[in-house]
Protein chains: 2
Amino acid sequence: MDEKISHYTNILGLLNWDARTGAPKKGRPIFAKAKGTLSTEMFELSVSKKMGEHLETLSDPEVYEQLDDITKASVRVRKHAYEKSKNIPSKVHNEYVVLASNSNDAWEEARTNNDFSHFLPFLEKVVEMKKKFTEYYGYEDHPYNALLDDFEPGLTVDEVDPLFADLRRNSLDLLQRIQKAEQPRKDIFEQEFDIETQKKFNRFLVPKLGYDMEAGRLDETTHPFATGINTGDVRITTRYDRNNVRMAIFGTIHETGHALYEQGVNSDYEGTVIRRGASYGIHESQSRFLENMVGRSESFWKFFYGDLKTFFPKQLNGVSEKEFYRAINLVEPSMIRVEADELTYNMHIMIRYEIEKGLISGEIAAKDLPDVWNKKMQEYLGITPPTDTVGVLQDVHWSQGSFGYFPSYSLGNLYAAQILNTVKKEMPDFYGNIENGDFMTIRNWLKENIHQYGKLYTPNQLIKKVTGEELNAKYLVDYFEEKYSKIYGL
Amino acid sequence: MDEKISHYTNILGLLNWDARTGAPKKGRPIFAKAKGTLSTEMFELSVSKKMGEHLETLSDPEVYEQLDDITKASVRVRKHAYEKSKNIPSKVHNEYVVLASNSNDAWEEARTNNDFSHFLPFLEKVVEMKKKFTEYYGYEDHPYNALLDDFEPGLTVDEVDPLFADLRRNSLDLLQRIQKAEQPRKDIFEQEFDIETQKKFNRFLVPKLGYDMEAGRLDETTHPFATGINTGDVRITTRYDRNNVRMAIFGTIHETGHALYEQGVNSDYEGTVIRRGASYGIHESQSRFLENMVGRSESFWKFFYGDLKTFFPKQLNGVSEKEFYRAINLVEPSMIRVEADELTYNMHIMIRYEIEKGLISGEIAAKDLPDVWNKKMQEYLGITPPTDTVGVLQDVHWSQGSFGYFPSYSLGNLYAAQILNTVKKEMPDFYGNIENGDFMTIRNWLKENIHQYGKLYTPNQLIKKVTGEELNAKYLVDYFEEKYSKIYGL
């Protein structure tokens with residue numbers, strides 16, 4: 001049964017990849033149905049009576065003690081999913097899958113036409129459905145905990161609230177100081193960069209970072225992602241824009257970070273439920289670590305800037321390495337989350353986190369979202385979106401019912417900074433390695449300490465094992481302070 | 001049950017497409033297992049007791065008469081498959097799937113190293129397995145009939161033998177006369193053609209031929225194919241070689257012919273077993289028709305040659321339209337089936353057909369294949385392969401157990417010529433339409449008369465409905481005679 005679920009998971013992974021990398025428009029509705037059939041089949045297996053009995057047998061303390069570590073972890077993960085989902089009738093699960101698909105279509109149209117009212121009835125239904133799910137799941141204290149747990153097992157609002165408050169206070173203070181300092185050059189990225197050359201640079205860059213080209217492929221998409229279809233097949237997607245060369249470079253490094261994680265999981269875990277990353281937050285820590293801590297470091301461009309200049313000699317003519325480094329680290333409040341800088345990015349997440357909590361608890365009504373959104377943008381970042389398209393409608397997540405997902409992004413930043421602190425202690429020449437283009441030493445450290453374990457540990461166990469501490473905001477706050485003080489001469 | 005089988009078929013179609021268009025090497029063994037799981041699941045459904053009872057109920061004459069035409073045809077196709085396969089134990093089916101996969105790997109290695117002995121033990125097992133299958137299937141007269149029927153339902157060696165004998169006699173006579181005549185220029189295609197430009201030309205060409213770009217996509221592969229994943233998702237693949245521009249152009253037109261068929265099937269058939277082409281032979285008739293009867297016609301290049309020249313001005317400088325037309329219709333015995341010209345192509349097929357019959361009847365032993373192959377090449381085409389790699393090891397089919405498949409290619413040519421004769425009668429301005437680039441009129445005729453029906457009719461019913469006659473060799477013989485007499489001035 002486990003093997004079948006694993007195989008179906010592999011296949012569903014491919015179906016998702018395909019749907020997002022050029023599957024023909026006219027075939028999609030039919031494919032959605034086929035995917036629904038397989039997904040329901042898998043759901044039914046994972047909450048079946050047989051699964052329940054199987055898990056009960058293995059959970060018997062006497063039996064459990066005899067199991068190997070892989071099986072123990074698999075039982076933990078499977079049982080958690082089983083307990084959460086067993087009360088959801090297959091019919092309700094189906095309804096939800098169909099609603100999510102229709103809601104996603106409505107959102108796309110609404111975003112294109114800047115028409116929130118077109119999306120609203122779907123959003124309302126999705127929120128109602130998610131509220132119902134929190135009851136099926138069961139929760140303590142706050143219903144949002146039940147959803148947060150889907151992405152970061154065990155985490156609660158009581159833990160997230162102070163982390164975010166701490167980060168927010170420090171970030172806004174730093175932002176004020178940055179805004180008064182001398183700004184980096186902006187003109188560098190206001191030029192056109194040929195797309196074919198961007199692609200060539202990415203194909204040159206990605207394998208150097210440790211990505212195994214024989215266990216993956218690079219493709220184009222509109223919303224970039226990385227996906228581990230199986231341990232030998234981890235695919236990266238990216239997107240290109242003539243007018244935004246940073247997007248492709250850093251987006252690709254980001255997805256490579258995710259991909260290194262999936263490629264690094266112990267291949268003995270293939271066929272089990274612990275084959276993928278420990279949590280969404282830990283996963284995001286690996287993409288952020290590579291994108292920001294490595295890819296936006298001075299050392300990184302000491303190694304790569306010469307290469308980049310050979311790809312774009314005209315555009316980078318007269319741009320010094322230092323100017324380039326400052327420019328890629330420009331901090332500036334902006335409308336769009338996925339284009340935000342490292343520092344203000346977390347403010348975008350907190351806005352979403354607060355709205356999600358309010359929607360699920362009932363304190364915020366879906367119809368008020370454009371208003372709530374705009375007020376919070378003003379409060380956190382001092383700007384107001386001119387349209388809902390670049391405001392409340394910008395993200396896909398809510399349309400698909402992914403409530404509880406957004407915090408993972410900032411948790412990823414927090415985890416990443418805490419991990420960086422440990423890496424630097426254990427590998428004193430961390431930046432020297434980057435400067436010499438020795439990314440394998442870094443990848444190997446991550447693989448050895450994090451990647452190989454998949455879901456063997458819970459995210460909380462893992463961060464304690466790696467860093468010796470519970471997750472806290474101190475390291476990210478310190479990292480920002482140090483980094484931007486240097487860049488902005490604060 | 002039918003819906004589930006249909007959805008799984010859609011999904012398996014995607015898995016095959018993916019495996020052949022760049023799925024990462026290291027993930028393939030895992031994917032092969034996942035595919036095996038889904039394929040076995042589907043096999044078990046299609047031969048299940050429930051399926052048997054379902055088909056029995058629907059086949060009851062009183063019930064059957066009440067069914068609509070789609071259901072009647074679905075019952076016919078499903079029942080045929082059920083009756084053939086119901087005796088095959090699921091375990092044997094699995095063994096066969098695994099063997100075919102391993103045998104395919106062994107063949108690849110054998111072909112690369114020109115080492116038939118490496119492939120031989122696998123081939124022997126595959127042949128034994130296929131013999132066993134003919135017993136499970138049941139057959140009349142010749143065991144090969146049971147395999148032929150997998151690709152061309154109802155066709156027997158008693159029908160194929162005289163068709164092929166007739167075609168062979170006439171083709172070899174024509175070939176002799178051609179070899180004595182003045183030959184076309186060969187130097188045109190002995191130049192290098194930039195691959196990116198070849199791709200651009202193909203992307204320009206394919207939609208003009210009636211292919212719906214919103215219901216498909218074009219990709220690259222090593223062994224080109226077209227696949228109808230569902231009625232709204234019909235994908236084409238092709239390959240490129242700097243030194244062989246003809247391969248990409250005519251290979252792509254060929255696959256477009258297959259794709260127009262799948263795109264043209266009545267979309268009401270989606271979800272049923274009659275959703276795809278009537279048979280492999282009929283399918284091949286559609287690809288050959290577009291590739292040869294249309295794509296290698298003088299009229300086709302009257303319309304497209306100017307365009308091609310704008311893509312390759314240097315290479316086609318000083319090459320007249322007539323010289324180009326003659327060059328793409330060069331007839332010359334050669335080693336490789338997929339590179340053979342229209343006329344000698346069928347000789348390659350007959351060699352394989354005779355060997356297959358002998359292997360299955362036991363008259364030929366697998367170990368003697370290199371010898372038998374080389375003798376037949378000498379006998380039919382007057383040439384002997386210098387190595388097994390360009391001889392008996394050139395094709396993938398036997399390694400995968402696809403015995404009975406090869407005849408479809410020549411049957412396709414025969415069907416195509418017979419259909420051409422009807423088209424020309426019903427559309428007197430057939431070549432005029434081509435010359436004017438009006439391919440939609442031709443596509444619509446094919447859709448109306450052939451494509452839309454999917455498997456509603458048996459291949460035999462269909463060819464009679466379209467042309468008013470049983471399949472015979474006369475039309476292809478006449479077509480060759482007329483075409484080459486003009487080109488070679490016979």
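Keep in mind it's a predicted model, so treat the numbers as computed, not measured.

Criteria and thresholds
- Residues numbered from 1 in each chain as written.
- Chains lettered and ligands numbered in written order.
- Predicted model: local features only at pLDDT ≥ 70, side-chain atom pairs only at ≥ 80, totals over all residues.
- Heavy atoms only, no water.
- Helix = DSSP H or I, 4+ residues; strand = E, 2+ residues; numbered from the N terminus.
- Rg over C-alpha atoms; globule rule 2.2 N^0.38 Å.
- Buried < 20%, exposed > 50% of the residue type's maximum accessible area, 1.4 Å probe, protein only.
- Areas by Shrake-Rupley, 256 points an atom, 1.4 Å probe, with all protein chains shown as cover.
- Lys, Arg positive; Asp, Glu negative; His and termini not counted.
- Charge placed at Lys NZ, Arg CZ, Asp CG, Glu CD.
- Least-squares fit on C-alpha atoms with pLDDT ≥ 70 in both.
- Contact = heavy atoms within 4.5 Å.
- Buried area = accessible area lost by both parts, 1.4 Å probe.
- Salt bridge = Lys/Arg side-chain N within 4 Å of Asp/Glu carboxyl O.
- Polar contact = N/O pair within 3.5 Å; in protein donor to acceptor, adjacent residues only side chain to side chain.
- Nonpolar A, V, L, I, M, F, W, Y, C, P; charged D, E, K, R; others polar.
- Pairing = 2+ DSSP bridges.
- Axes fitted to C-alpha atoms, helices over the stretch in contact; angles between N-to-C directions.
- Patch = residues over 30% accessible without salt bridge, like charges linked within 9 Å, V, L, I, M, F, W, Y side chains within 5 Å.
- Phe/Tyr/Trp six-rings, centres within 6.5 Å; stacked < 30°, edge-to-face > 60°.
- Lys NZ or Arg CZ within 6 Å of the ring centre and 35° of its normal.
- Parallel < 35°, antiparallel > 145°, perpendicular 65-115°, else oblique.
- Left-handed = near helix turned anticlockwise from the far one by under 90°.
- Expected span 1.5 Å × (residues − 1).
- Bend = angle between axes of the 7 residues up to and from the residue.
- pLDDT = per-residue confidence, 0-100.

Student: Teacher, can you tell me more about the overall build of chain A here?
Tutor: Across its full length, chain A holds 21 helices and three strands. For 490 residues, the compact-globule formula gives about 23 Å, and the C-alpha radius of gyration of chain A, at 22 Å, lands near that figure. Principal-axis analysis of the C-alpha atoms gives chain A an extent of 70 × 50 × 45 Å. Counting only residues that meet the buried cut, chain A has 57% of its 490 residues in that class. With the model as given, the accessible surface of chain A reaches about 20,200 Å², and the carbon-plus-sulfur share is 48%. Here chain A contributes 61 positive and 75 negative side-chain charges, whose respective centroids are spaced 3 Å apart.

Student: Explain the relation of the copies chain A and chain B to me, please; I cannot follow it from the model alone.
Tutor: The operation relating the pair of chain copies consists of a rotation about an axis and a translation along that axis. Between the two copies, chain A and chain B, the superposition gives an RMSD of 0.0 Å; the rotation angle is 180 degrees and the shift along the axis is 0.1 Å. On the angle and the small slide along the axis, the relation comes out as a two-fold axis.

Student: What am I meant to see in the interface of chain A and chain B here?
Tutor: A common way to state how big an interface is: give the accessible area lost once the parts meet. The interface is formed by 35 residues belonging to chain A together with 35 residues belonging to chain B. A combined buried area of about 3,000 Å² lies between chain A and chain B, and 60% of that area is made up of carbon and sulfur atoms. Where chain A meets chain B, there are eight salt bridges. The shortest N-O distance in the salt bridge between B:Asp212 and A:Lys26 comes to 2.5 Å. Linking chain A to chain B there are 20 residue pairs in polar contact (both at pLDDT 80 or more). Going through the elements one at a time, α1 (2–20), α2 (28–46), β2 (226–230) and β3 (233–238) of chain A are the ones with two or more residues in the side of chain A that touches chain B. Per-element accounting of the side of chain A that touches chain B gives the leading share, nine residues, to α1(A). Across the side of chain A that touches chain B, the residue classes break down as 13 nonpolar, 10 polar and 12 charged.

Student: What am I meant to see in the pattern of salt bridges here?
Tutor: Pairing between side chains becomes possible if they bear opposite charge and their charged atoms approach one another. If you walk through the whole model with that rule in mind, you get 69 salt bridges over all chains. The residue A:Lys25 makes a salt bridge to B:Glu214 at a minimum N-O spacing of 3.9 Å. One end of the pair, A:Lys25, is in the loop between α1 and α2; the other, B:Glu214, is in the loop between α10 (195–208) and β1 (218–220), on a second chain. B:Glu323 is paired through a salt bridge with B:Arg185; the nearest N and O atoms lie 3.1 Å apart. Pair noted here: B:Glu323 is in helix α14 (residues 321–328) and B:Arg185 is in the loop between α9 (157–180) and α10, with a separation of 138 residues, a long-range link. A residue is classified by how much of its surface remains accessible, and B:Arg185, at 30% relative accessible area, is partly exposed. Within this structure, A:Asp18, B:Asp233 and B:Arg235 form a network of salt bridges that share partners.

Student: Quick question: what am I supposed to make of the pairing of strand β2 (residues 226–230) of chain B here?
Tutor: All names here are of chain B. Of all five residues in β2, four are buried; the element is thus mostly enclosed. Sheet topology note: the β2/strand β3 (residues 233–238) ladder contains four bridges and is antiparallel. When the sheet's bridge partners are listed, Asn 230 is paired in β3 with Asp 233. Linking two consecutive strands that pair antiparallel, namely β2 and β3, is a turn of two residues.

Student: In this structure, what is going on with the environment of B:Ser279? I would like to understand it.
Tutor: All names here are of chain B. Within the element layout of this structure, Ser 279 appears in the loop between α11 (245–264) and α12 (280–294). Distance from Ser 279 to Tyr 457, taken between C-alpha atoms, is 9.8 Å for residues 178 residues apart in sequence. In this structure Ser 279 touches Phe 151, Glu 152, Pro 153 and Pro 459, once residues within four positions along its chain are discounted. A polar contact is formed between the side chain of Ser 279 and the backbone nitrogen of Ile 282, at a distance of 3.0 Å.

Student: Even after reading the chapter, I still don't get the side chain of B:Thr422, so can you show me in this structure?
Tutor: Mapped onto the elements of the fold, B:Thr422 is located in helix α17 (residues 407–426). In this view, B:Thr422 contacts B:Trp445, B:Val466 and B:Thr467; residues no more than four positions away in its chain are not counted.

Student: Where do I start with the sheet that holds β3(A) in this structure?
Tutor: Adjacent strands of a sheet pair through backbone hydrogen bonds, lying either parallel or antiparallel. Residue and element names in this part refer to chain A. Overall, mixed pairing links the three strands, which are arranged β1-β3-β2 in an open sheet. Looking at the sheet topology across the chains shown, the edges are occupied by β1 (218–220) and β2. Pairwise comparison of adjacent strand axes, ignoring direction, gives a mean angle of 30 degrees for this sheet. As paired elements, β1 and β3 share three bridges and run parallel to each other. Looking across to β3, one finds that Leu 218 is bridged to Ile 236. Along the sheet, α1 makes contact with β1, β2 and β3, crossing β2 at roughly 145 degrees. Helix α11 (residues 245–264) rests against β2 and β3 of the sheet, and its axis sits at about 170 degrees to β3.

Student: Could you clarify how one ought to interpret the packing of helix α15 (residues 342–361) of chain A against helix α21 (residues 474–488) of chain A in this entry?
Tutor: When two helices pack together, you describe them by how their axes are tilted relative to each other and by the distance separating the axes. Two numbers describe how α15(A) lies on α21(A): the axes approach to 10 Å, and their chain directions differ by 145 degrees. Here A:Glu342, A:Leu343 and A:Asn346 of α15(A) lie close against α21(A), whose contacting residues are A:Leu476, A:Tyr479, A:Phe480, A:Lys483 and A:Tyr484.

Student: How should I be thinking about a negative patch on the surface in this particular structure?
Tutor: There is a patch of like negative charges on the surface, built from A:Asp105, A:Glu108, A:Glu109 and A:Asp115. Relative to the helices and strands, A:Glu108 is located in helix α6 (residues 90–113).

Student: Even after reading the chapter, I still don't get the packing of aromatic side chains, so can you show me in this structure?
Tutor: What describes a pair of aromatic rings is the distance from one ring centre to the other and the angle between the planes of the rings. Enumeration according to the criterion identifies 72 aromatic pairs over all chains in this entry. With a centroid separation of 6.0 Å and 90 degrees between ring planes, the pair formed by B:Trp398 and B:Phe406 is classed as edge-to-face. With respect to class, B:Trp398 is no different from B:Phe406; both count as buried. An aromatic cluster is built from A:Phe189, A:Phe201, A:Phe204, A:Phe250, A:Phe300, A:Trp301, A:Phe303, A:Phe304, A:Tyr305, A:Phe311, A:Phe324 and A:Phe439, whose rings are joined through pairwise contacts. The ring of B:Tyr380 carries the charged tip of B:Arg168 above its face, separated from the ring centre by 4.0 Å.

Student: Is there a simple way to explain the packing of helix α9 (residues 157–180) of chain A against helix α17 (residues 407–426) of chain A in this structure?
Tutor: Residue and element names in this part refer to chain A. Their axes nearest at 12 Å, the elements α9 and α17 cross at an angle of 70 degrees. The angle between the axes of α9 and α17 places the two elements in the roughly perpendicular class. Crossing angle aside, the handedness with which α9 passes α17 is left-handed. In this structure, α9 contributes Leu 163, Phe 164 and Leu 167 to the contact, and α17 contributes Pro 407, Ser 410, Leu 411 and Leu 414. Here the contact of α9 with α17 is built from residues that sort into six nonpolar, one polar and no charged.

Student: Teacher, can you tell me more about α14(B) here?
Tutor: Because each turn of an α-helix spans 3.6 residues, side chains separated by three or four positions end up pointing in the same direction. Within α14(B) the residues assigned to the buried category are B:Phe324, B:Tyr325, B:Arg326, B:Ala327 and B:Ile328. In the core, the buried residues of α14(B) are packed alongside α11, α13 (298–311) and α21 (474–488) of chain B.

Student: Sorry if this is basic, but what is going on with α12(B) here?
Tutor: Residues and elements named next belong to chain B. The end-to-end C-alpha distance of α12, which contains 15 residues, comes to 20 Å, matching closely the 21 Å that a straight helix rising 1.5 Å per residue would cover. By the largest-angle criterion, Arg 288 marks the main kink of α12, which is about 35 degrees. Within α12, 14 of the 15 residues are buried, leaving the element largely enclosed by the surrounding structure.

Student: Looking at this model, I keep getting lost on the confidence of the model for chain A. Mind explaining?
Tutor: For residues with low pLDDT, the predicted coordinates do not support detailed interpretation. When the pLDDT values of chain A are averaged, the result is 96; 100% of them are 70 or greater. Overall fold confidence (pTM) sits at 0.93, and the ipTM for the predicted complex is 0.91.

Student: It is not clear to me how the sheet that holds β2(B) should be interpreted in this structure. Could you clarify?
Tutor: All names here are of chain B. Strands sit in the order β1-β3-β2 across an open sheet of three strands; the sheet is mixed. The open sheet has two edge strands, β1 and β2, and neither has a second partner. Averaged over all pairs of adjacent strands, the angle between their axes in this sheet comes to 30 degrees, without regard to strand direction. In the packing of helix α1 (residues 2–19) onto the sheet, contacts are made with β1, β2 and β3, and the angle to β2 comes to roughly 145 degrees.

Student: Honestly, the side chain of A:Ser279 in this entry has me stumped. Any pointers?
Tutor: With relative accessibility at 4%, the residue A:Ser279 sits in the buried group. Here the side chain of A:Ser279 touches A:Gly281 through a polar contact of 3.3 Å, landing on its backbone nitrogen.

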